[in-house]
Amino acid sequence: MAKNVILLTIDALRKDVLGCYGGGGETPFLDSLQNRSIKFTKAYSGGPYTQAGFPGILSSSYYLDFGKTKGRCPPGRVLIPEILKKGGIRTAALHSNAYISSFFGWNRGWDHFYDSMEEQVSERVPYIRAGEINRKVAEWFKRTLPNGGEPFFLWMHYMDVHEPYVPEAEYLEKVDPSLKISQEEMFQLFKNVVLKRDVSSKETVAILKKLYLAQVVEVDTAVAGFFRILESFGLDKNTTVIITADHGEEFGEHGGLSHDGKMYEELVSVPLLIYDPDLSQPVVWEKIVSTLDIPPTITEIFNLPPSPAWQGQSLLPLGKYAERGVCGEAIDKHGARELGDEKEVHYYREGDLKIHYRETDDSWQLYNLMEDPGEKNNIYGKDTTSEYLMKKIIPRIKRFKG
Amino acid sequence: MSKQESLSQERVRELENYIHISKNIIREAYRQFDPKDIRLVWSGHKDSTLTLWIWKETCREYGFTLPKAVTLDEGDPFQEVEDFLARISREWKIDLEVAKNEDVLKACNYTLNADVEVKSLNKRNQEELARIGFEGLERFPFEAESFIGNHLMKSVALNTYLEENNVKIIVQGLRWDEQPVRSDDPYFEEVEAQPLQPAQVRIRPILHISERSLWDIYHHYKLPHVSLYAEGYRSLGVKTTTKKMSDLPAWEQDLENTAERAGRRQDKEAAMARLRALGYM
């Protein structure tokens, strides 16, 4: 196995927009990586938005394991860098998402942690762009690589797919050259349609999706730029790159936009690639896996023991992976924020069946994803396995009810 | 290392070496620039005061002219800091100028938390608000270290001063270990011109000096500092939003394992502003 590990996460990247997962032509570079990757076709996030998804990716734990902490990283979570440090691995994090910033406590344990919170950003691009993250990563390589041969773990996160969808013209051109819309108009759509979760016009939602796809094109370009940087530092041959998303994005599939407290596939089914330069042919892995499996996979690659607190299992070696159901949880939110009464939403998938629970109206939904991948036909109560699947979720709901 | 104990020979040599590195950066600055084009940004806090002292010592050793210094009046000062600036600029013969956003202070009648009507502000301040994402805002309460206050009272005040005085080179007392965001900063940085911000060169001579080394230098060379550090303040901002983290003097606190800027406010403001812009608030 390779010497260094890089975890590249992309905020709000839907799985189905990637060409290698059946999408259109927006991601030629990411698609090309599958030739040297293990591609997981059924990877799930621990939740449908950043605060709920990242506890799994960075600490192999669920959002509500330590109570309702409003996004703060409680002391009980064991972050990947805290374990890697014990093994002499240098660690760095570079990103631009406030929910995983030092303010919320996610800087714990890293040798180098950059969250961009003191940078000046604009209303239309309220984060540091992927190209700038790449540049900062290159600076970190330049500064630290000559210092010694010890391996490193780098986590980088791109925000560029996230709303407001205000892509540059060159990227929109690649999605739909006939679509003429100014950046001011795009921003108005964000304020008047996305923030209001207004899906009444199918045409407008279709335009929003195109703007989103244009941002996907931009990210694909940034990933290509990042691999060129890897090459220029001679890291392309000895570095494993894990690529995933914290959650997806909704475009009216279930009556909403953006990413609220729902557990449908467009939000919790995420892309997951493990790019390994030593792989001579593509591997497609169809077992159900979770992004909680990422931290133990990283320690496995470094040949270090995982934290006993972690709930996932290593994806590698593939043959040893014991398939089991996956679940996720979040606080119900609609529109822009978590609802004040902190009602929970949960899901659990096993085989082709996926069950949802929403505390707000104490409702259950069950879907057979093989027959109904769009989760339109609720078969809860009609299927004899409902009870079995409910039993998987009920103990999780009861954690806070005494 | 506390104030009372004396430092080992080896440690003193280390500190001398750190100062030597800083002096070399300052000498490089004189090779490249005319001192009349340079301003030392001096808050009176520990980092910029150390920078000023090393700069002054370099001038004494090499016969350079000391540039002017500029301090920011953000409208919410500690009296102790104001007194310190007045006393030290006299004792060290510093030509100190003040940069402030008078327009905002007038609009709130020089009163903290008083409302500022955006339309009563000048065009520049209105444009600056739009630039940081507050287009269409009608009023805001005046605070020096809110997201808006930080921009108008710090960035805009300094940029306006630099433009009016045609200054293109500033000296900043930043340190790499102060906060993670600083760990990428170079000693000399050319910043390209942006809308409302002229091109600048930023010189940062003490980047490599850690918080621990800084206090050891203060004590070894008996340098003056604002009394607030002895009372437990570890990092100073404006008065209303800076808190003591402990009653121990700054140098006796656990510098290595706790955050230097924990008593400061703007990190939270920055995170909240980002979330607002992403549609979460």
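Scroll up to find the structure.
Residues numbered from 1 in each chain as written. Chains lettered and ligands numbered in written order. Predicted model: local features only at pLDDT ≥ 70, side-chain atom pairs only at ≥ 80, totals over all residues. Heavy atoms only, no water.

### A few points about the overall build of chain B
Stated formally: Think of it this way: any DSSP run of H or I at least four residues long counts as a helix, any run of E at least two long counts as a strand, and we number them from the N terminus. All radius of gyration figures rest on C-alpha atoms, and the globule criterion is 2.2 Å times the number of residues raised to 0.38. Relative accessibility under 20% of the residue-type maximum defines a buried residue, over 50% an exposed one, and the middle range a partly exposed one, all with a 1.4 Å probe and only protein chains included. Contacts are residue-level and defined by heavy atoms, with any inter-residue pair within 4.5 Å sufficient. All accessible-area figures derive from a Shrake-Rupley calculation using a 1.4 Å probe, and residue coverage is judged against the displayed protein chains alone. Counted charges follow a simple rule, with Lys and Arg positive, Asp and Glu negative, and His plus the chain ends left uncounted. In this description, the location of a charge corresponds to atom NZ of lysine, CZ of arginine, CG of aspartate or CD of glutamate.
Scanning chain B for helices and strands turns up eight helices and eight strands. A compact globule built from 281 residues should have a C-alpha radius of gyration of about 19 Å, and chain B, at 19 Å, falls within 12% of that. Taking the principal axes of its C-alpha atoms as reference, chain B extends roughly 60 × 45 × 35 Å. Out of the 281 residues belonging to chain B, those deemed buried represent 54%. Put simply, of all contacts in chain B between residues at least 6 apart along the chain, 69% involve residues at least 24 apart. When the accessible surface of chain B is totalled, it reaches about 12,800 Å², and 48% of it is carbon and sulfur. Distance between charge centres in chain B, computed from 40 positive and 48 negative side chains, equals 2 Å.

### Points about unusual backbone geometry
Keep in mind that most residues, glycine aside, have a negative phi and that most peptide bonds are trans. Residue and element names in this part refer to chain A. The amide bond that connects Glu 163 to the next residue, Pro 164, takes the cis arrangement and shows omega of -5 degrees. For Pro 164, the location among the structural elements is in the loop between strand 5 (152-158) and helix 5 (169-175). Each neighbour pair has its own omega, and for Leu 316 with Pro 317 the value is -10 degrees, a cis peptide bond. Considering the arrangement of structural elements, one finds Pro 317 in the loop between helix 9 (294-301) and strand 11 (326-331). In this structure, Asp 362 takes a positive phi of about 50 degrees despite not being glycine. Topologically, Asp 362 is positioned in the loop between strand 15 (353-358) and strand 16 (363-368). The exposed category is assigned to Asp 362, whose relative accessible area is 51%.

### Side note on the nonpolar core
Keep this limit in mind: Only buried residues count toward a nonpolar core. Its members are Ala, Val, Leu, Ile, Met, Phe, Trp, Tyr and Cys residues joined through side-chain atoms within 4.5 Å.
Counting 110 residues, the largest nonpolar core has Phe40(A), Phe141(A), Phe153(A), Trp155(A) and Tyr158(A) as the members making the most contacts within it. When residues of this core are assigned to their parent elements, the largest contribution, 15 residues, is made by helix 7 (residues 202-232) of chain A. Contact partners of Phe153(A), with chain neighbours within four places excluded, come to Val5(A), Leu7(A), Ile80(A), Leu84(A), Ile89(A), Arg90(A), Thr91(A), Ala92(A), Trp110(A), Ile298(A) and Phe302(A). If you look at the next biggest cluster of nonpolar residues, it comprises 45 residues, including Val12(B), Ile38(B), Leu40(B) and Val226(B).

### Examining the packing of aromatic side chains
Short version of the rule: Paired rings are identified among Phe, Tyr and Trp, the last through its six-membered ring, by centres lying within 6.5 Å, and are further divided according to the angle between planes into stacked (under 30 degrees), edge-to-face (over 60) and tilted (the rest).
The final tally for this structure, using the stated rule, is 31 aromatic pairs over all chains. Between Tyr357(A) and Trp364(A), the ring centres sit 4.6 Å apart and the planes meet at 45 degrees, which makes this aromatic pair tilted. Under the relative-accessibility criterion, Tyr357(A) is labelled buried at 8%. Residue Trp364(A) is classed as buried on the basis of its relative accessible area of 13%. Consider the rings of Tyr62(B) and Phe64(B), whose centres lie 5.8 Å apart with planes at 20 degrees: the pair is stacked. By relative accessible area, which is 36% here, Tyr62(B) ends up partly exposed.

### Regarding the sheet that holds strand 4 (residues 112-114) of chain A
Backbone hydrogen bonds hold the strands of a sheet together, and the pairing may be parallel or antiparallel. Residue and element names in this part refer to chain A. To keep it simple, the criterion reads: Here, any two strands with at least 2 DSSP bridges between them count as paired. With axes taken as lines fitted to C-alpha atoms, and helix axes fitted only over the stretch in contact, angles between N-to-C directions fall between 0 and 180 degrees.
Spatially, the eight strands line up as an open sheet ordered 4-3-5-1-6-9-2-10, and their pairing is mixed. Looking at the sheet topology across the chains shown, the edges are occupied by strand 4 and strand 10 (283-290). The sheet shows a mean angle of 15 degrees between the axes of neighbouring strands, taken without regard to direction. In this sheet, strand 9 (residues 269-275) lies alongside strand 2 (residues 37-44) in antiparallel orientation, the contact comprising six bridges. Its bridge partner being in strand 9, Ile 38 is matched across the sheet by Ile 274. Packing against the sheet, helix 9 makes contact with strand 1 (4-10), strand 5, strand 6 (239-245), strand 9 and strand 10, and its axis sits at approximately 180 degrees to strand 6.

### Looking at the sheet that holds strand 16 of chain A
Residues and elements named next belong to chain A. Pairing within the open sheet is antiparallel, and its four strands lie in the order 11-14-15-16. The strands lining the two open edges of the sheet, one partner per strand, are strand 11 and strand 16. Strand after strand, the sheet turns through a mean of 10 degrees between neighbouring axes, direction not considered. Here strand 14 (residues 344-350) runs beside strand 15; their pairing, made up of six bridges, is antiparallel. Among the inter-strand pairings, Val 345 is bridged to a residue of strand 15, identified as Arg 358. Contacting strand 11, strand 14, strand 15 and strand 16, helix 10 (residues 386-398) runs over the sheet at an angle of about 135 degrees to strand 14.

### Focus: the state of the cysteines
Residue and element names in this part refer to chain A. Inclusion rule: Working definition: a disulfide is two cysteine sulfur atoms within 2.5 Å of each other.
Tallying each qualifying case throughout the model produces zero disulfides over all chains. Left unpaired, Cys 327 is separated from the closest cysteine sulfur, that of Cys 73, by 19 Å. Taking the relative accessible area as the measure of exposure, Cys 327 reaches 11% and is therefore buried.

### With respect to the side chain of Thr297(A)
Residues and elements named next belong to chain A. This is how the line gets drawn: Distance and chemistry together define a polar contact, namely a pair of N or O atoms within 3.5 Å, with one atom able to donate a hydrogen and the other to accept it when in protein, and with adjacent residues in sequence counting only for side-chain atoms on both sides.
Position of Thr 297 among the secondary structure elements: in helix 9. When its relative accessible area of 1% is taken as the criterion, Thr 297 is described as buried. Of note is the side chain of Thr 297, whose polar atom sits 2.9 Å from the backbone nitrogen of Leu 315. Excluding residues that lie within four positions of it along the chain, Thr 297 makes contacts with Ile 274, Gln 313, Ser 314, Leu 315 and Leu 316.

### Some details on the packing of helix 4 (residues 130-144) of chain A against helix 7 of chain A
A pair of packed helices is characterised by two quantities: the angle between their axes and the separation of those axes. Residues and elements named next belong to chain A. Stated precisely, the cut-off is as follows: Note on terminology: angles under 35 degrees are roughly parallel, angles over 145 are roughly antiparallel, angles of 65 to 115 are roughly perpendicular, and the others are oblique. Crossings are classed by handedness, with left-handed meaning an anticlockwise turn of the near helix from the far one by less than a right angle and right-handed meaning a clockwise turn. Each residue is assigned to one of three groups, with Ala, Val, Leu, Ile, Met, Phe, Trp, Tyr, Cys and Pro labelled nonpolar, Asp, Glu, Lys and Arg labelled charged, and all others, Gly among them, labelled polar.
Where helix 4 meets helix 7, the axes come as close as 9 Å, and the angle between the chain directions of the two elements is 10 degrees. Taken as axis vectors, helix 4 and helix 7 run roughly parallel relative to one another. Considering the relative orientation of helix 4 and helix 7, their crossing is right-handed. Contacts between helix 4 and helix 7 involve Ala 130, Asn 134, Val 137, Ala 138 and Phe 141 from the former and Ala 222, Gly 225, Phe 226, Ile 229 and Leu 230 from the latter. Its residues assigned to classes, the contact of helix 4 with helix 7 comprises eight nonpolar, two polar and no charged.

### Brief notes about the pattern of salt bridges
All names here are of chain A. This is how the line gets drawn: The term salt bridge refers to a pairing of a side-chain nitrogen on Lys or Arg with a carboxyl oxygen on Asp or Glu at a separation within 4 Å.
Using the criterion set out here, one finds 44 salt bridges over all chains in the structure. For the salt bridge of Glu 184 with Arg 124, the shortest nitrogen-to-oxygen distance reads 2.2 Å. Remark: Arg 124 occurs in the loop between strand 4 and helix 4 and Glu 184 occurs in helix 6 (residues 183-194); sequence separation between them is 60 residues.

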